[in-house]
Amino acid sequence: MGGRMIIIGAGQAGSQAAASLRQAGFDGDIVLFGAEAELPYQRPPLSKAYLQGDLAAERLQLRPAAFYEKERIDLRLGVRVTTVNPAARIVIAEDGEEFHYDKLLLATGAPPRRLDCPGSDLPGVHYLRTIADSDALRPVLAAGGRLVIVGAGYIGLEVAASARKAGVDVTVLEMADRVLARVAGKEISAFFEALHRAHGVDLQLGAGVRAFEGNGRVEAAILDSGEKIPCSAVLVGVGARPSTRLAEEAGLTLANGVWTDDHARTSDPSIYAAGDCASCPSPIYGRRMRLESVPNALEQAKVAGANMAGGNAVYDAVPWFWSDQYDAKLQTVGVSEGADRTIVRGDRAAMKFSVWYLNGARLLAVDAINEPAAFAVAKKLVAAKAPVDAKGLADPETDLKSLVL
Amino acid sequence: MPKITYIDHTGKEHVVEAEPGVSVMEAAVKNMVPGIDADCGGACACATCHVYVDPAWADKVGKKEPMEESMLDFAYEPKENSRLSCQITVRKELDGLVVRLPEFQG
């Protein structure tokens, strides 16, 4: 099969889709556009090992430069695409160059949501998504002083852990009444709250930020309560917004992201979408979802790549996720929304336990702390959609393996 | 640099020169050895970089941590000599290491 495939976005999804196109036997042109100058790289270490200086930038690369040469993938790095014209099937790069496509993939990601309050544009107010962002944040960890983190999601908490490791004072401000409120259950929130406090983080819940102050550079955060917290820098981690401008201007259907069917196809039959920017029906949960995670980006990109090359792949992957903070490894399977019951297994004090989210007899999700066996068993059970033995699950004597045999 | 031999499930050998300090997983990815997915990038979170260490090298590569052992329990066809290659760091003592790859990851 010949022709030209264009991929907009050189993150995990874009890079994987290029590889999957070749694996599916597509032999024509592949053009991969990336707004950043770097070879496609992994973002998770940007808040952890890379931020801490334990990993060289080169080791973030998803694939070596030789891969793109060998697979004849035309990398256009540091080049933004400004326009998609679906009627003419062309994309236009920022320098005006036009490219015709036979199939197009939007893998444009979800950049951080920006705070808009007085002082939010002061130097020293950071966001974290790119290598450049992490590079800009690293000197803050070396300089000491107090880092104020706005938002207790994964980005905020992972950076808090990295900063404490570097000996920096940390205040985390979270508007909700618990950390990770959007993504984890109450037991997990309580665990991470205690963990961060034990490591010296000043964690303030129910705390909104009204403004930042500083003379040419951020020097304090002002809370809704009026309290002033002096700081040397700020990191804002208040969620992400799917990048949908190109899709919208091209007239594609949107649904909290770029709408796709379960084949990763958008409302235009020649255009696909994958990763953080895409909302896709989940056969496991029977509803449309937009997930912000590496595993989801990889799975959707594999489906998109295979189908762009003429295949008939269906997206039915079990969502999963991980986060490392201090000595705690969280592994999540599934999406807990809609649960009417939780079962906790293991030993919270020993930092080795799992929380199982059920709706009736159906297992929706599991959060596992330093408990990979629970993660692995849950992955199989969630995929199977079969009723689980809730009584057995609640019994600490039950061997988890027996639940999947 | 230490040489590592990856033998894929069809029996084909891929010999690569690996820089000390990187993981056996990273050396495979960097040298485009097929059959190692490494979805999580080396965080010991996914078990998609599963390899079988040649028995002659079992002692030299070191022991599995409990986290890794539990992850491997649920990998595709785990064996006694199963390892997650992201958890083995290349050292000069590992020059000549031979690992075999399973047919599937995950």
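Description of the structure in this document. The model shown is predicted, which means the values in this text are computed figures rather than measured ones.

1. Thoughts on the overall build of chain B
Per the secondary structure count, chain B includes 2 helices and 5 strands. Its helices and strands in sequence order give chain B the pattern β-β-α-β-α-β-β, from N to C terminus. For chain B, the C-alpha radius of gyration of 12 Å lies close to 13 Å, the compact-globule estimate for 106 residues. A principal-axis box enclosing the C-alpha atoms of chain B has dimensions of 35 × 25 × 25 Å.

2. Quick look at the side chain of asparagine 296 of chain A
Residue and element names in this part refer to chain A. As for its placement among the helices and strands, asparagine 296 is situated in helix α7 (residues 294-308). Within the structure, the side chain of asparagine 296 is placed 2.5 Å from the side chain of tyrosine 315, a separation counted as a polar contact. Contacts of asparagine 296, omitting those with residues within four sequence positions, involve Gly275, Leu291 and Tyr315.

3. Quick word on the pairing of strand β5 (residues 97-100) of chain B
Successive residues of a regular strand alternate their side chains across the two faces of the sheet. All names here are of chain B. The pairing of strand β1 (residues 3-7) with β5 spans 4 bridges and is classified as parallel. Bridged to isoleucine 7 within β5 is arginine 100. Inspection of the sheet shows strand β3 (residues 50-53) paired to β5 by 2 bridges, in the antiparallel sense. Pairing of valine 53 across the sheet is with valine 99, part of β5.

4. Quick notes on the pattern of salt bridges
Residue and element names in this part refer to chain A. Tallying each qualifying case throughout the model produces 27 salt bridges over all chains. One salt bridge connects arginine 182 with glutamate 292, and the closest N-O pair in it is separated by 4.0 Å. Remark: glutamate 292 occurs in the loop between β19 (287-289) and α7 and arginine 182 occurs in the loop between β10 (169-174) and α5 (186-198); sequence separation between them is 110 residues. Taking relative accessible area as the criterion, arginine 182 reaches 68% and is therefore assigned exposed. The salt bridge partner of arginine 287 is glutamate 337, with a shortest N-O separation of 3.8 Å. A residue pair is termed long-range when its members are at least 10 positions apart, and arginine 287 in strand β19 and glutamate 337 in the loop between β21 (328-334) and β22 (341-347) qualify at 50 residues. When its relative accessible area of 56% is taken as the criterion, glutamate 337 is described as exposed. It is possible to trace a salt-bridge network through shared partners that takes in Asp74, Arg76 and Glu97.

Procedures and definitions
Residues numbered from 1 in each chain as written. Chains lettered and ligands numbered in written order. Predicted model: local features only at pLDDT ≥ 70, side-chain atom pairs only at ≥ 80, totals over all residues. Heavy atoms only, no water. Helix = DSSP H or I, 4+ residues; strand = E, 2+ residues; numbered from the N terminus. Rg over C-alpha atoms; globule rule 2.2 N^0.38 Å. Polar contact = N/O pair within 3.5 Å; in protein donor to acceptor, adjacent residues only side chain to side chain. Contact = heavy atoms within 4.5 Å. Pairing = 2+ DSSP bridges. Salt bridge = Lys/Arg side-chain N within 4 Å of Asp/Glu carboxyl O. Buried < 20%, exposed > 50% of the residue type's maximum accessible area, 1.4 Å probe, protein only.

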